[in-house]
Amino acid sequence: MGISRRDTLGLALAGTVAAGTARAAPLAASSTADTALVVSTWDFGAAANAAAYAAWKAGGTLIDAVEAGAKVPEADLSNHSVGLGGYPDRDGHVTLDAIIMDDRGHAGAVAGLEGYVHAISVARRVMDRTPHTMLVGEGAAQFAREQGFPSQNLLTPEAEAAWREWLKKAEYKPVANIENQRGTALDHDTIGILARSPDGRLAGACTTSGMAFKLRGRVGDSPQAGCGLLVEPGVGAATATGVGEEVTRIAGAARVVGSMRMGMSAMAACREAVEHIVALRGEAVKDAQVAFLAIDRNGKVGAFSILPGFTYAVTDANGRTRVQPAGSLRRA
Ligand code: GLY
């Protein structure tokens, strides 16, 4: 399944993967992102974009591209919010949530997956080889095993030490924008990655280890279609990051895509969803970070968060990557 390379044949992509990544001023709502090919959340999205772009350049589909991109932070030991090295739940288990989706109604997800680094690949297998859209917990792990994915202990010594330290007080206090403070993550978050071909086809992926030290069984927004990710043909795609409960309450990605469907720009749609959360939740989200990233069918990008500090990576059709600060409702 996924988007066939044939769908985009004849649309040449020039250039190579950018060796370096520039930091840039915020993108205007309509900008040179006309040509955006891959966008993803946070600074670590730059490396993911490079892998996605390379997969695309090698002849892969958009689904191949977003899967390849998502696998980069999943395998990154220094990233404590995704995959291997992710911080565990309150009981010491690293559990992963992921979803992958194309623009033809194909979607696959896993939640609470234990023992397999590449949750995004297991999610893709759910999409490609089952009639279902999500497998959870023990069933997801059984499926991964049956599909031949290698299992391993995902709790690294560093993550275990952080968990044992946390147990001394066992307080849960989300730290905004911790995703960009590498090596110090005490909280969570997520990579959401969206790809668009030159002819306007779309795909997306989202993967996370969720909130650090969460209650066992907790699932956030990331693997839920319409919450952490939504892709809609002819409209656009959106992904979310930050405190998953706040995104899930409003079916955040679906709201952003719905606004784009009604004619809003990607930027205005992301902003509207953030404003809605703040209006709905008031004091409860006073210190919370929630952010949306979206791309429309024409390649226009939008990104907006409650608090300043959310960044996203944009790789254009020439393979050039820039990390951008998003707009935010609150000021620094
Ligand atoms: N946004 C990821 C999570 O809350 O699990």
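Because the structure is a prediction, the values reported are computed rather than measured.

Reading guide: rules and limits
- Just so you know, the residues in each chain are numbered from 1, in the order the chain's sequence is written.
- Note on the predicted model: pLDDT of at least 70 is required for a residue's local features to be given, and 80 or more for side-chain atom pairs to be given and counted; whole-chain, interface and lining totals, by contrast, use all residues.
- Where side-chain values are given, they derive from all heavy atoms of the structure, hydrogens and water being excluded.
- Going along the chain from the N terminus, every DSSP run of H or I of four or more residues is numbered as a helix, and every run of E of two or more is numbered as a strand.
- Only protein chains enter the accessibility calculation, which uses a 1.4 Å probe; a residue whose area is less than 20% of its type maximum is buried, one above 50% is exposed, and one in between is partly exposed.
- Throughout, a contact is declared for two residues whenever any of their heavy atoms are within 4.5 Å.
- Surface accessibility follows the Shrake-Rupley procedure with a 1.4 Å probe radius. Residue values consider only the protein chains on display as shielding.
- Should DSSP find at least two bridges between two strands, the strands are taken to pair.
- Here an angle of 0 to 180 degrees is reported between the N-to-C directions of two axes, which are lines fitted to C-alpha atoms, with helices fitted over the stretch in contact.
- Working definition: rings of Phe, Tyr and Trp (its six-membered ring) pair if their centres are within 6.5 Å, and the pair is stacked with planes under 30 degrees apart, edge-to-face with planes over 60 apart, and tilted otherwise.

Colleague: Can you break down the overall build of the protein chain residue by residue, with the values?
Modeller: For the protein chain, the helix and strand inventory stands at eight helices and 14 strands. For the protein chain, with 332 residues in total, the buried portion stands at 58%. Within the protein chain, contacts between residues separated by at least 24 positions form 68% of all contacts whose residues are at least 6 apart in sequence. As displayed, the protein chain offers around 12600 Å² of accessible surface, 54% of which is attributable to carbon and sulfur atoms.

Colleague: So, the sheet that holds strand S14 (residues 327-328): which residues are in play, and what are the values?
Modeller: Here five strands make up an open sheet; going across it, the order is S8-S9-S10-S11-S14 and the pairing mixed. At either end of the open sheet lies a strand with only one pairing partner, and these are strand S8 (229-232) and S14. Across two bridges, strand S11 (residues 301-305) lies against S14 in parallel orientation. Its bridge partner lying in S14, Phe 304 is registered against Gly 327. Packed on one face of the sheet, helix H8 (residues 266-281) meets strand S10 (290-296) and S11 and runs near 20 degrees to S11.

Colleague: Could you give an account of the packing of aromatic side chains, naming the residues involved and the relevant values?
Modeller: Each aromatic ring pair is characterised by the separation of its centres together with the angle its planes make. Here the structure, examined in full by the defined rule, presents four aromatic pairs. When the ring of Trp 166 is compared with that of Phe 213, the centres are 4.8 Å apart and the planes differ by 20 degrees; the resulting orientation is stacked. A residue pair is termed long-range when its members are at least 10 positions apart, and Trp 166 in helix H5 (residues 157-167) and Phe 213 in the loop between strand S7 (202-208) and S8 qualify at 47 residues. Per residue, the accessibility class of Trp 166 equals that of Phe 213, and both read buried. On the numbers, 6.4 Å between centres and 25 degrees between planes, the contact of Phe 310 with Tyr 312 is stacked. An aromatic cluster of three or more residues is present, and its members are Trp 42, Phe 310 and Tyr 312.

Shape descriptors only; they carry no functional weight alone.
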